[in-house]
Number of protein chains: 2
Amino acid sequence: MSKDIHKKKHLSSFQLIILGFASVILLGAIILMLPVSSAEGVITPFNQTLFTSTSAVCVTGLAVLDTGSYWSVFGQVVILLLIQIGGLGVVTVAVSVFMLSGRKISLMQRSTMQNAISAHKVGGIVRLTKFILKGTLFIEMAGALALLPVFYHDFGRKGIWMAVFHSISAFCNAGFDILGTPANPFPSITAYAGNPIVNVVIMFLIIAGGIGFLTWEDICINKTHFRKYHMQSKIILVTTALLIVLPAVFFFFSDFTHLSVGKRLLASAFQAVTPRTAGFNTMDISKMTEVSKAMIIILMLVGGSPSSTAGGMKTTTFAVLILNAFATFRSQENVETFGRRIEWSVIKNASTIAMMYCMLFLCGGITISVYEGLPLLECLYEAASAVGTVGLTLGITPKLHIVSQFILIILMYLGRVGGLTLIYAVLSKKKKGNARLPLEKLTVG
Amino acid sequence: MSKDIHKKKHLSSFQLIILGFASVILLGAIILMLPVSSAEGVITPFNQTLFTSTSAVCVTGLAVLDTGSYWSVFGQVVILLLIQIGGLGVVTVAVSVFMLSGRKISLMQRSTMQNAISAHKVGGIVRLTKFILKGTLFIEMAGALALLPVFYHDFGRKGIWMAVFHSISAFCNAGFDILGTPANPFPSITAYAGNPIVNVVIMFLIIAGGIGFLTWEDICINKTHFRKYHMQSKIILVTTALLIVLPAVFFFFSDFTHLSVGKRLLASAFQAVTPRTAGFNTMDISKMTEVSKAMIIILMLVGGSPSSTAGGMKTTTFAVLILNAFATFRSQENVETFGRRIEWSVIKNASTIAMMYCMLFLCGGITISVYEGLPLLECLYEAASAVGTVGLTLGITPKLHIVSQFILIILMYLGRVGGLTLIYAVLSKKKKGNARLPLEKLTVG
Ligand SMILES: [K+]
Ligand SMILES: [K+]
């Protein structure tokens, strides 16, 4: 009986998460329609504001309208708020508002919060929420201050707003920029490709946001004692490091050959950091080699880490599948890493999630390619960018028809909410399954 | 103690399988070097004969030299023998030779045979080997007889050889053809695109060879009582049917628009049957749309069924991953299908194999693209064709440098031998793993 109640709560919390995201997206789309939101004071069509709002709340960064030149400052503030809510997660924001207004957090809210950020235990949710809020505020302010000199030098007082916007956008892995002008829309931060301060600060903010709040908790508690970290934090840190260093080395040798060594290093590092859900770019990514584009597609699908601002199938999912392959090849019964065993249900889920992201990516990309008659690689790139909530683009998004844009909206939403959350929310109850069914041999491979 | 001995035998049998394949490939390459093998009576370079021999033994069908015009009839007979040995499997052939020479089959040979064809039990291996031999002979003869009228009409007495060659090549899913001339090399069977008899017979032979000997055993024993089949046979038949019908429908609407409805149906069906390891083509596949090419790549990676003449990650692997995803989404504890449970080690292996084939495919395709400076899609197509032992080509294989051809040789070998066989063979002993390691929570997706 008490178990049933728990189950019901458990499910409702997933439903809360997806409904919360959907409500914020819809609200954002309606506000962005108002004339005050656009620079020219016109009403923006709903399909375009829905795309923009989804992209902001799902911290993707794909845009059908140039953020810097189309929207008014009010519109940009709305987008930045949506990014901040999406980055922290709708539930974290809701719990924070409750806490700050001095109310008591119910058990239901605690359990929802736990599911939303995949916390290890219900206890300490209030403490964790405070930690997330303080940490986010601190890092975003530090980032804005570090960016301020550059932007103030280039834009005067408007540079303050620029610094704040890009710091938050980078930490939330949103990839939105407001550097575009009517003459030069969608520039991302290519204008600062050679600026070491902007490059390093933005890269740090992206990585800081992408490794997840629980990893930060581990870092703050255990400092340099790597051995004491949770297995999850260890996996996240090692996988993240590898998925930055290896592509950076590859890009250094295959791309950006016209740059000096120093700038080339910077460009390679930045373009290796950005595909796993950040979405900024300092170089013209449409000029990268085909193979580099394919590698970026793979990185986009892998995405960031759990309980972070990131989307994609997640670094842990990717790591689990690799570890599973190693375990099989070494004839090990269990998948083991860092002195811990990984439960088999985790491998089952990882396999499901990888399958789901690949299907969404392939079906989305192929449908857009057939419908628009555009080259397949470009459409797959855009689909991976949406489902990984990355925001990198080869430039086709603003030119797509409504149907294709709607496909991207769905991919962004599913990519951010996470497949399992969605499915658990839709399901009414957990099926036990008939454990009495006999096993039967099956040959694979 | 007795368990250790069993383990040792188990491993040795895997080693036998990979060494057997390698020896036959090497022997074939040496014989093909002889002047008598080429039409012009010249010595063929080793790298080209190694490629040809690997392609034949691994029943792939990729060719650097046109089979119809470059090789003498002797050379073609050698290639056909290699195809037949590769299609049946080196071990099946060895056991057959032993049996036919009247010797007794040792337990060691039985267990090797069992591993080679993934039979359900050691008992009945002799009976199964006989079944495989008789079945192969019967189907290949029937196929040759059905093709004979067409080829005899077009080529006179040479048509007999043509009918035999193409029947065996189709049943073994090899995809080699001898219809090329110096003026028109590498034609596959495009000349018979509109011929219903050739189309239907070849399609039947491909499917018959691709569903595997154990499925045929089930069909012969249980006839139309589908319910009595092994779970494996049911999965193979359903997956095979879906992977033929769905792509056929897609191709019908996206390609071959210049043909009449009847020929278009035939072309769509044939091009849907062929990518899962057969490798024949009736249409110019390089003229298909980009999306169709991508779908063919996916089909090539999936490949045929276990214990068949086919390569690739196998239909069962693909089905298990899909079933696992469904089970996760439906919150089922176990992966179930057709009233049976699938063991979790099977899912673990399926995930490993899918990972391995994707890695081989991506690394192979990307390396060739970078090394040769050719478009990525074409190189990925060729890599998928090699690792799935398919043999479809966009025409770049004969033009590749030795390094790239060697990469394809390795992909063909690994794709045919199967990753697990290879790894088990290399390993000296099974590790138990430390089951006492504590479990730790990990979030994926
Ligand atoms: K993003
Ligand atoms: K083949």
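Residues numbered from 1 in each chain as written. Chains lettered and ligands numbered in written order. Predicted model: local features only at pLDDT ≥ 70, side-chain atom pairs only at ≥ 80, totals over all residues. Heavy atoms only, no water.

Another aspect to go through is the overall build of chain A. Of regular secondary structure, chain A possesses 18 helices and two strands. Going through the 445 residues of chain A one by one, you find that 58% of them count as buried. In chain A, the proportion of contacts linking residues at least 24 apart, taken out of those at least 6 apart, comes to 68%. Put simply, chain A shows about 18,200 Å² of open surface, and 69% of that area lies on carbon and sulfur atoms. (Helix = DSSP H or I, 4+ residues; strand = E, 2+ residues; numbered from the N terminus. Buried < 20%, exposed > 50% of the residue type's maximum accessible area, 1.4 Å probe, protein only. Contact = heavy atoms within 4.5 Å. Areas by Shrake-Rupley, 256 points an atom, 1.4 Å probe, with all protein chains shown as cover.)

To continue, consider the pattern of salt bridges. Residue and element names in this part refer to chain A. If you walk through the whole model with that rule in mind, you get two salt bridges over all chains. When the shortest N-O distance is used, the salt bridge between Asp284 and Lys287 registers 3.1 Å. Its relative accessible area of 37% is what places Asp284 among the partly exposed residues. Relative accessible area serves as the criterion here: at 68%, Lys287 is assigned to the exposed category. (Salt bridge = Lys/Arg side-chain N within 4 Å of Asp/Glu carboxyl O.)

Counting residues in each nonpolar core, the largest one holds 117 residues, and the members touching the most others are Ile83(B) and Ile202(B). Ranked by residue count, the leading element in this core is helix α15 (residues 344-372) of chain B, at eleven residues. Among the nonpolar cores identified, the runner-up in size contains 115 residues, and Val24(A), Ala319(A), Ala384(A) and Leu394(A) belong to it. (Core = buried A, V, L, I, M, F, W, Y, C linked by side-chain atoms within 4.5 Å.)

What follows covers the packing of aromatic side chains. Residue and element names in this part refer to chain B. For the structure on display, the rule yields 16 aromatic pairs over all chains. With a centroid separation of 6.4 Å and 35° between ring planes, the pair formed by Phe151 and Phe155 is classed as tilted. In this pair, Phe151 and Phe155 are both assigned in helix α7 (residues 125-155), four residues apart and thus about one turn of the helix distant. When its relative accessible area of 34% is taken as the criterion, Phe155 is described as partly exposed. (Phe/Tyr/Trp six-rings, centres within 6.5 Å; stacked < 30°, edge-to-face > 60°.)

A positive phi is found at Ser188(A), a non-glycine position, where the angle reads about 50°. One can find Ser188(A) in the loop between α8 (158-171) and α9 (196-210). Residue classification places Ser188(A) among the buried positions, given a relative accessible area of 6%. Unusually for a residue other than glycine, Lys314(B) sits at a positive phi of about 85°. Its location among the elements puts Lys314(B) in the loop between α13 (290-302) and α14 (315-329).

All names here are of chain A. The geometry of helix α14 (residues 315-329) relative to helix α15 (residues 344-372) is characterised by a closest axis approach of 9 Å and an angle of 115° between their N-to-C directions. Note that α14 runs across α15; the crossing there is left-handed. Contact residues: Thr317, Val320, Leu321 and Asn324 in α14; Val346, Ile347, Ala350, Ser351, Ile353 and Ala354 in α15. Its residues assigned to classes, the contact of α14 with α15 shows seven nonpolar, three polar and no charged. (Axes fitted to C-alpha atoms, helices over the stretch in contact; angles between N-to-C directions. Left-handed = near helix turned anticlockwise from the far one by under 90°. Nonpolar A, V, L, I, M, F, W, Y, C, P; charged D, E, K, R; others polar.)

As a further point, take the packing of helix α7 (residues 125-155) of chain A against α8(A). Residue and element names in this part refer to chain A. Look at α7 against α8: their axes get within 7 Å of each other, and the N-to-C directions meet at 140°. As judged from the angle between their axes, α7 and α8 are oblique. Classified by chirality, the crossing of α8 by α7 is right-handed. Taken together, the residues of α8 that come into contact with α7 (itself represented by Thr136, Ile139, Glu140, Gly143, Ala144, Leu147, Leu148, Phe151, Tyr152 and Phe155) are Lys158, Gly159, Ile160, Met162, Ala163, Val164, His166, Ser167, Ile168 and Phe171. Here the residues of the contact of α7 with α8 are counted per class, giving 13 nonpolar, five polar and two charged. (Parallel < 35°, antiparallel > 145°, perpendicular 65-115°, else oblique.)

The next subject is the environment of Gly135(A). Residues and elements named next belong to chain A. Here Gly135 lies in helix α7. For Gly135, a relative accessible area of 26% corresponds to the partly exposed category. Considered as a pair, Gly135 and Val238 are 103 residues apart in the sequence and their alpha carbons are 22 Å apart.

Counted at 1.5 Å a residue, the expected span for helix α12 (residues 261-273) of chain A with its 13 residues is 18 Å, and the 18 Å between its end C-alpha atoms agrees. Within the sequence span of α12(A), burial applies to Arg264(A), Leu266(A), Ala267(A), Ser268(A), Phe270(A), Gln271(A), Ala272(A) and Val273(A). (Expected span 1.5 Å × (residues − 1).)

Turning our attention to the confidence of the model for chain A. Residue and element names in this part refer to chain A. Here chain A averages 82 in pLDDT, and 85% of its residues register 70 or above. For the stretch residues 1-11, pLDDT sits under 50, and the model shows seven contacts to residues farther than four places along the chain or on other chains. In the model output, the complex is listed with pTM 0.84 alongside ipTM 0.79. (pLDDT = per-residue confidence, 0-100.)

Let us now look at a nonpolar patch on the surface. Residues and elements named next belong to chain A. Judged by side-chain polarity, Phe226, Val238, Leu242, Val245, Leu246, Val249, Phe253 and Phe338 come together as a nonpolar surface patch covering roughly 740 Å² of accessible area. Its place among the elements puts Val238 in helix α11 (residues 231-254). Residue classification places Val238 among the partly exposed positions, given a relative accessible area of 35%. (Patch = residues over 30% accessible without salt bridge, like charges linked within 9 Å, V, L, I, M, F, W, Y side chains within 5 Å.)

A few words on helix α10 (residues 213-222) of chain B. The complete set of buried residues in α10(B) reads Phe213(B), Leu214(B), Thr215(B), Glu217(B), Asp218(B) and Asn222(B). Phi turns positive, to about 45°, at Lys223(B), one or two residues after α10(B).

Residue and element names in this part refer to chain A. Mapped onto the secondary structure, Thr397 falls in the loop between α16 (376-387) and α17 (402-417). According to the relative accessible area criterion, Thr397 is buried, its value standing at 1%. A distance of 2.6 Å separates polar atoms of two side chains, one belonging to Thr397 and the other to Glu382. What Thr397 contacts, discounting residues up to four positions off in sequence, is Phe51, Leu62, Ala63, Val64, Glu382, Gln405 and Leu408. (Polar contact = N/O pair within 3.5 Å; in protein donor to acceptor, adjacent residues only side chain to side chain.)

What follows covers the state of the cysteines. All names here are of chain B. Inspection of every chain in the model, using the stated rule, returns zero disulfides over all chains. Just so you know, Cys220 is unpaired, no disulfide at all, and the nearest cysteine sulfur is the one on Cys172, 17 Å from it. In this structure Cys220 comes out as partly exposed when scored by relative accessible area, which is 37%. Residue Cys363 stays outside any disulfide, its sulfur separated by 11 Å from that of Cys358, the closest cysteine. A residue is classified by how much of its surface remains accessible, and Cys363, at 46% relative accessible area, is partly exposed. (Disulfide = S-S within 2.5 Å.)

Looking now at the environment of Thr337(A). Residues and elements named next belong to chain A. Secondary-structure assignment places Thr337 in strand β1 (residues 335-337). Classification of Thr337 as buried rests on a relative accessible area of 13%. When the C-alpha positions of Thr337 and Lys234 are compared, they lie 9.6 Å apart, and in sequence the two are 103 residues distant.

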